[in-house]
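Summary of structural features
Below are the chains, spelled out letter by letter.
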Amino acid sequence: MQTVHSIAELRHALRHTTRPAFVATMGNLHAGHLALVAQAKPLGDATVASIFVNRLQFLPHEDFDSYPRTFEADRDKLEAAGCDVLFAPRERDLYPEPQTFKVQPDPALADLLEGEFRPGFFTGVATVVMKLFMAVFAGKAQGTAVFGKKDYQQLMVIRRMVQQFALPIDIAGHETERADDGLALSSRNGYLSTEERSHALQLAQALQALARDAAAALPAQLPTLESAAMQALAALGWQPDYLTVRRRADLLPPQAGDGAGQLVALGAARLGSTRLIDNLEF
């Protein structure tokens, strides 16, 4: 595996490829990230992964400075997974000057759910992903990028961005990887204390119950069910931001006629100081 740091080095490393397959990460890799690499490998003639903790998508009070950085271990995991090129830019490599030009996603998609509780988050995500795409895929006729479905809304934003800008990139989603007990794998799970980890599955369980109840309910009943789910999770010691049922197509509330196979339950909640997200399609 070749490790490069600058965009020029990356483009040189990929000069003979025609259809790279790309996985973007912020490092602190776990089995979920490696599953994305495994999915990417047969989809291109070179498998590329990036490690970059993107300052633009963190709010001032969030964990940019303390976000786990485990580069040596991450590099070893990617090499063992068969990654061909690791792009590990320093901040000055990706942002050599202040990034004043940014990608502003459609507020109809980006300003709800995660966007409501983390304003500006998806602008930071879309901007860095666009820049990474330009670094990896410049001059290529086609390519593929693989993203996890745990970050459900993020995946939708990136797909819309690629569609709107007519980028020659296929966006592939990968099902959420889970621990043996069902907890969605996340780099932030490492923040959980032993006791918190024993309760962390409660978010997924709350979404399962909400999806079950919503499947048998009318759209007008959903706000009551969502409120009850929030209260139940709060009673277990969580601080929920949202537990909600939305349409998969646009993340808007379901309407009459929306049913099985069209909906997703999404949740975000804080357990202690750790904010976790999860979702369940149904």
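Above this text sits the structure in question.
Residues numbered from 1 in each chain as written. Predicted model: local features only at pLDDT ≥ 70, side-chain atom pairs only at ≥ 80, totals over all residues. Heavy atoms only, no water.

**Section: the nonpolar core**
Counted only if it meets this: Nonpolar cores are built from buried Ala, Val, Leu, Ile, Met, Phe, Trp, Tyr and Cys residues. Side-chain atoms within 4.5 Å join them into one set. In this scheme, a residue with accessible area under 20% of its type's maximum is buried, one over 50% is exposed, and one in between is partly exposed, where area comes from a 1.4 Å probe on protein chains only. Counting from the N terminus, the helices are DSSP H or I runs at least four residues long and the strands are E runs at least two residues long. Every residue pair with non-hydrogen atoms within 4.5 Å of one another is taken to be in contact.
Counting 48 residues, the largest nonpolar core has Leu 10, Phe 133, Ile 171 and Leu 251 as its most contacted members. For this core, the element with the highest residue contribution is helix α7 (residues 121–137), accounting for 12 residues. Beyond its immediate stretch of four places on either side in the chain, Leu 251 contacts Leu 109, Leu 112, Leu 113, Tyr 152, Gln 153, Met 156, Arg 246, Val 264 and Leu 266. With 21 residues, the next largest nonpolar core counts Leu 192, Ala 229, Trp 238 and Leu 271 among its residues.

**Re the pattern of salt bridges**
Short version of the rule: Salt bridges, as used here, are contacts in which a Lys or Arg side-chain nitrogen is within 4 Å of a carboxyl oxygen on Asp or Glu.
Using the criterion set out here, one finds 16 salt bridges in the structure. The closest approach of N and O atoms between Lys 149 and Glu 281, which form a salt bridge, is 3.0 Å. With Lys 149 in the loop between β5 (143–148) and α8 (152–164) and Glu 281 in strand β9 (residues 274–281), this pair connects stretches of sequence that are 132 residues apart. Ionic pairing is found between Asp 278 and Arg 178, a salt bridge with its closest N-O pair at 2.8 Å. Taken as a pair, Asp 278 in strand β9 and Arg 178 in the loop between β6 (169–174) and α9 (194–199) lie far apart in primary sequence, 100 residues in all. Several salt bridges converge on common partners, so that one network encompasses Lys 149, Glu 175, Arg 248 and Glu 281.

**Observations concerning the sheet that holds strand β8 (residues 263–271)**
What counts here: DSSP calls a pair of strands paired once it identifies at least 2 bridges connecting them. What counts as an axis is a line fitted to C-alpha atoms, over the stretch in contact for a helix, and the angles between N-to-C directions run from 0 to 180 degrees.
Spatially, 3 strands are ordered β7-β8-β9 in an open sheet, and the strand pairing comes out antiparallel. With one partner strand each, in any of the chains shown, β7 (239–247) and β9 form the two edges of the open sheet. The sheet shows a mean angle of 10° between the axes of neighbouring strands, taken without regard to direction. Bridging between β8 and β9 involves 8 bridges; their strand directions are antiparallel. Within β9, the position partnered with Val 264 by the bridge is Glu 281. Strand contacts of helix α10 (residues 202–215): β7, β8 and β9, with the helix running at about 35° to β9, the strand carrying the most contacts. Its contacts with the sheet put helix α11 (residues 222–235) on β7 and β8, and the angle it makes with β7 is roughly 150°.

Function-wise, these values are silent; they only describe arrangement.
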